[in-house]
Amino acid sequence: MEMKTIKLWEKEEFTYPVVGEFVPTLTAYLHEDGGTRPGFVVVPGGGYRLVSPAEGEIVAKKFYEKGFQTFVLTYTTCMPGPQPLGFQPLRDLSKALVWIRKNEKELQVDGKNLTICGFSAGGHLCGSLAVHYA
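Residues numbered from 1 in each chain as written. Predicted model: local features only at pLDDT ≥ 70, side-chain atom pairs only at ≥ 80, totals over all residues. Heavy atoms only, no water.

(A) View of helix 1 (residues 57-65). Among the residues of helix 1, those classed as buried are Val59, Ala60 and Tyr64. Angular distribution of buried residues about the axis of helix 1 spans 140 degrees; they occupy a single face of the element. Opposite the packed face of helix 1, turned more than 90 degrees from it, sit the exposed residues Ile58, Lys62 and Glu65. (Buried < 20%, exposed > 50% of the residue type's maximum accessible area, 1.4 Å probe, protein only. Helix = DSSP H or I, 4+ residues; strand = E, 2+ residues; numbered from the N terminus. Arc of directions from axis to C-beta.)

Below, the structure written as structure tokens:
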């Protein structure tokens, strides 16, 4: 299994005010057998205040074992709550799916066969993408 983490935004592109060097990421768990596989994106919950570690990697690895190329999104949250998130988490998820489709050959993913799965706030984010896809 190859595991790699991709920054979704360059620091200058990511304009949401955060403390420190946070930039949303996508962690990939990839089969290296040369075959094209369906993709599965996990969007953990956390009440938009954090991204729960228990709802990411564990789920991704289970779907990896089932034959998927899997990904875990670490999206923008607001731990101290000083400013509303607005559409930033939705932009993060949208950017992740666009990035996967753009790099489908390198990732050995069928870009037309992507599933997104979210828990709690992550489920809300997935549902929001389905409703506000444009």
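Back to the text.
(B) Main features of the state of the cysteines. Summed over all chains, the structure comprises 0 disulfides. For Cys117, which is in no disulfide, the shortest distance to another cysteine sulfur is to Cys126 and amounts to 6.8 Å. (Disulfide = S-S within 2.5 Å.)

(C) Main features of the pattern of salt bridges. In this structure the tally under the stated criterion is 4 salt bridges. A salt bridge links Glu106 to Lys4; the shortest N-O distance between them is 2.9 Å. Of the two residues, Glu106 sits in helix 3 (residues 104-107) while Lys4 sits in strand 1 (residues 2-7), which places them 102 residues apart along the sequence. Here Lys4 falls in the partly exposed class, since its relative accessible area comes to 22%. Between Asp33 and Arg37 there is a salt bridge, and its shortest N-O distance comes to 2.3 Å. (Salt bridge = Lys/Arg side-chain N within 4 Å of Asp/Glu carboxyl O.)

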